[in-house]
Amino acid sequence: MKNIKLIFVFSMFSALNTFAQNVNKSDSLVSDEIDLQEVVVSEKLIKREADKFIVDAIRLRKGKTDLLDLLSNVPGILVTDNDIRIPGRDGVRVMFNGRMKTIPEGELINILKSHRASNVAKIEVITSPGAKYDAGSDFGIINIITERGADYIGGEVGDDVTYADKWSNAARMNLNYQRKRVTASLNASWNYGSVAYTESNVKYFTDMTRKSHTDMGWRNNNYNISGSLDFMIDSLSTVGIEAYYIDTYRNYPSTTFENTYDMAGGMTEESRSPSLELRDGRNMNLNFYIDRNWSSTNRISFIMDLFKFDNDRDYSFNSYYYENSVQTDSVDYLRNQVGAHLKGLSFALDYSTLLPWNIKLYAGIKTSLTETRNSSLYDYSTLPVQNDDFTYSEDIYAGYLSLNKSLGHFDMVLGGRYELTHTKSENGNGTLATDNYGRLFPTVNVMYRSGNGSTFGVSVFSGIRRPGIQVVNPFTAYLSANSTAQGNPTIKPNYWYGVRLSNNIVLCSGLELGLELRAAKEFDCIGQVTQMNAADGSSNTQWQNAYDKEGCGVDLSLYFTKLSWLRAYIFGELFYCKTTADSRYSLSNEHILKAFAMGDFRFIFDRRRNLTGYVTATYSGKDKNVVQTIDSRFSMSCGIAYSCLKGRLNMKLGVSNLFAGNVKGVSISNNGMSMHFNNDYSPLSVTLGFSYSFGKEIRSKRKTYSNSDIKSRF
């Protein structure tokens, strides 16, 4: 397998070197002209504003088989097989045409794969979300803006086949209709196949050591379908409805081998634990929205979501024990059925207008009401267990006000958002915990734009991280006979605030330098803390408000487009972090200088940009806090794409996780005990994919009137 990696990489770079030597030197300047339905586009790729940058997706979408493939080509967005993020931010939210989508985090990648790239006009990357958006987490927002052109009927089909030790497939279909005031779309995708992983742990107790190795396999059979219908009331107003349904079925067979050793290194116990986990999830969302514009500067919009998320889990395992490789009569077994069912309603009302002195006012309110019911039922078990039920409700009420002003070379945004949260958790025995908390989250963004396109900005921000349902759920889950995990219904949210200084300097035509300095402080950070019992060799991992964190760092990026055959984006991050423990089961404090680096190189092999290639590499340095340490990792991916039939047919071949390292590190526990882990979650994968667009414009029969000549002259 290692030789295959080296041959593939060598072939890619040989092709790039051959092409570079044949490029006409007169083409050394960036050519913005592309063949797009015989239209020449020559605008700048990236436009920067106070809180975001806007990317011209028309120049990037050629050869891209789906929306996720397109986003991987956007400078400042990092896409891997199972994740998408904006460097320097904690998470990503996605909007389509300015409307936030309620998408479960675990399904975001599949949803993006199900949408086509061929109708995307612009991509807004909001790096500093203001008061208008939720205060939860330091996230970035990706806003996908699609085209609205001539009346049209058509669609797109696509398929990706991937081999990563096992085979998997992702097929999709999109249908689109646009006629006069009506726009409708239907998206569907089906993902099925298998993936293999391994986990290895060594737990060091005071008088024994337990070594375990787990071979895991994921078998997926998932599909999702979504549809939308928009009706233009008039040229300035739209009403619409959108719905999606996601069905996920996952089968997780695994086998864990565990050996126990005494202080002298002699084996005292040997066990084998086959297990099977079945997950069945169903996510449904119904969205209604209306945008009403009285003029180009006065707008009101209303959006409402009804949603229901179900996740059922059936888990069973058997542990067989051996002495001198001979099975004993001692056996542990368990079967557990767990259900988590969330239902909710959210709605938001937003208003914008233009005040005197050209000040833009944005104001709005939002309410989110959710309830999650959880149940745990044991059919049989030799371990100490109990059936349980747990209900968790969370209601959030928010209001915001934001003022935007452009003054000469300055763009300024000043806003504030207040969020009030009420939570309640209870089980069959009564109420476990209730909490009410509210806070004002101010935001300030100021940007100066120089004459040559360079920008300088400062941002002041704050936010809150609320615990997820798996964090507060108190059920005890057995990972093996000696290892358990559970949530914490009394856990608190954690707050943070920070400041960013950023600038983007145009060094010359085709070369831009980005620099960001930031500092932040967090309180009551949520993390998993492991408590180990030296007497019986067991361990329990629980979510807690584990530590406080403060730090400062620098991000440096370089964007190069000076050569017509190469576009390069290089990003580097250094961040100093200090963590102070709130838990007695971890270190008292810890310091770390974290590093992250990414290089993304896009190659253009012909003047019409039909044949392109890429090489992307990432490095994540060691991460350390009072709870655990994770070692550094490196990974690389590369591939080629080809577009033909005037952009209707797009094909790609990609290789991911080249030279990818394992997730390795150590979890700190009480009394000097610890757990070392070494997990392989990134097998080498090869993907072959295509997409094909079909359809045509709808042409209405032209009507002739007897007064046409008079009307045209008038």
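So, here's what we can say about the structure. (Residues numbered from 1 in each chain as written. Predicted model: local features only at pLDDT ≥ 70, side-chain atom pairs only at ≥ 80, totals over all residues. Heavy atoms only, no water.)

1. Let's talk about the overall build of the protein
No. 1: A count of helices and strands for the protein gives five helices and 36 strands.
No. 2: Computed over its C-alpha atoms, the radius of gyration of the protein comes to 28 Å, within 12% of the 27 Å expected for a compact globule of 714 residues.
No. 3: In terms of principal-axis extent, the alpha carbons of the protein reach across some 100 × 60 × 50 Å.
No. 4: Burial analysis of the protein (714 residues in total) assigns 48% to the buried set.
No. 5: A separation of at least 24 residues holds for 66% of the contacts in the protein among residues at least 6 apart in sequence.
No. 6: For the protein, the exposed area adds up to about 34800 Å²; of that, 56% sits on carbon and sulfur atoms.
No. 7: Separation of charge centres in the protein, based on 78 positive and 75 negative side chains, amounts to 9 Å. (Helix = DSSP H or I, 4+ residues; strand = E, 2+ residues; numbered from the N terminus. Rg over C-alpha atoms; globule rule 2.2 N^0.38 Å. Buried < 20%, exposed > 50% of the residue type's maximum accessible area, 1.4 Å probe, protein only. Contact = heavy atoms within 4.5 Å. Areas by Shrake-Rupley, 256 points an atom, 1.4 Å probe, with all protein chains shown as cover. Lys, Arg positive; Asp, Glu negative; His and termini not counted. Charge placed at Lys NZ, Arg CZ, Asp CG, Glu CD.)

2. A look at a nonpolar patch on the surface
No. 1: Residues Leu 611, Tyr 642, Leu 645, Met 651, Phe 690 and Tyr 692 make up a contiguous nonpolar surface patch of about 500 Å² in total accessible area.
No. 2: Locating Met 651 in the fold gives a position in strand S33 (residues 649–658). (Patch = residues over 30% accessible without salt bridge, like charges linked within 9 Å, V, L, I, M, F, W, Y side chains within 5 Å. Salt bridge = Lys/Arg side-chain N within 4 Å of Asp/Glu carboxyl O.)

3. Concerning the state of the cysteines
No. 1: Taken as a whole, this structure holds zero disulfides when the rule is applied.
No. 2: The closest cysteine sulfur to the non-disulfide-bonded Cys 525 is located on Cys 577, 8.1 Å from its own sulfur.
No. 3: Residue classification places Cys 525 among the buried residues on the basis of a relative accessible area of 3%. (Disulfide = S-S within 2.5 Å.)

4. Structural notes on the packing of aromatic side chains
No. 1: Applying the stated criterion to the full structure yields 16 aromatic pairs.
No. 2: Between Trp 218 and Tyr 252, the ring centres sit 5.0 Å apart and the planes meet at 80 degrees, which makes this aromatic pair edge-to-face. Here Trp 218, found in strand S12 (residues 208–234), pairs with Tyr 252, found in strand S13 (residues 237–262); they are 34 residues apart in sequence, far enough to count as distant.
No. 3: Taking the relative accessible area as the measure of exposure, Trp 218 reaches 27% and is therefore partly exposed. (Phe/Tyr/Trp six-rings, centres within 6.5 Å; stacked < 30°, edge-to-face > 60°.)

5. Details of unusual backbone geometry
No. 1: Its identity is not glycine, yet Leu 645 carries a phi of approximately 55 degrees, on the positive side.
No. 2: Tracing the backbone shows Leu 645 in the loop between strand S32 (633–644) and S33.
No. 3: The phi torsion at Lys 646 lies on the positive side, around 55 degrees, for a residue other than glycine.
No. 4: Relative accessible area serves as the criterion here: at 77%, Lys 646 is assigned to the exposed category.

6. Some remarks on the side chain of Asn 187
No. 1: Note that Asn 187 resides in strand S11 (residues 182–204).
No. 2: Taking the relative accessible area as the measure of exposure, Asn 187 reaches 8% and is therefore buried.
No. 3: Only 2.5 Å separates the side chain of Asn 187 from the side chain of Asn 174, close enough to count as a polar contact. (Polar contact = N/O pair within 3.5 Å; in protein donor to acceptor, adjacent residues only side chain to side chain.)

7. A closer look at the sheet that holds strand S5 (residues 91–96)
No. 1: Here we have six strands laid out as an open sheet, ordered S1-S2-S7-S8-S5-S6, and mixed in their pairing. Bordering the open sheet on either side are strand S1 (46–48) and strand S6 (99–100), each of which pairs with just one other strand.
No. 2: When S5 meets S6, the two strands line up antiparallel, connected through two bridges. The residue of S6 that forms the bridge with Met 95 is Met 100. (Pairing = 2+ DSSP bridges.)

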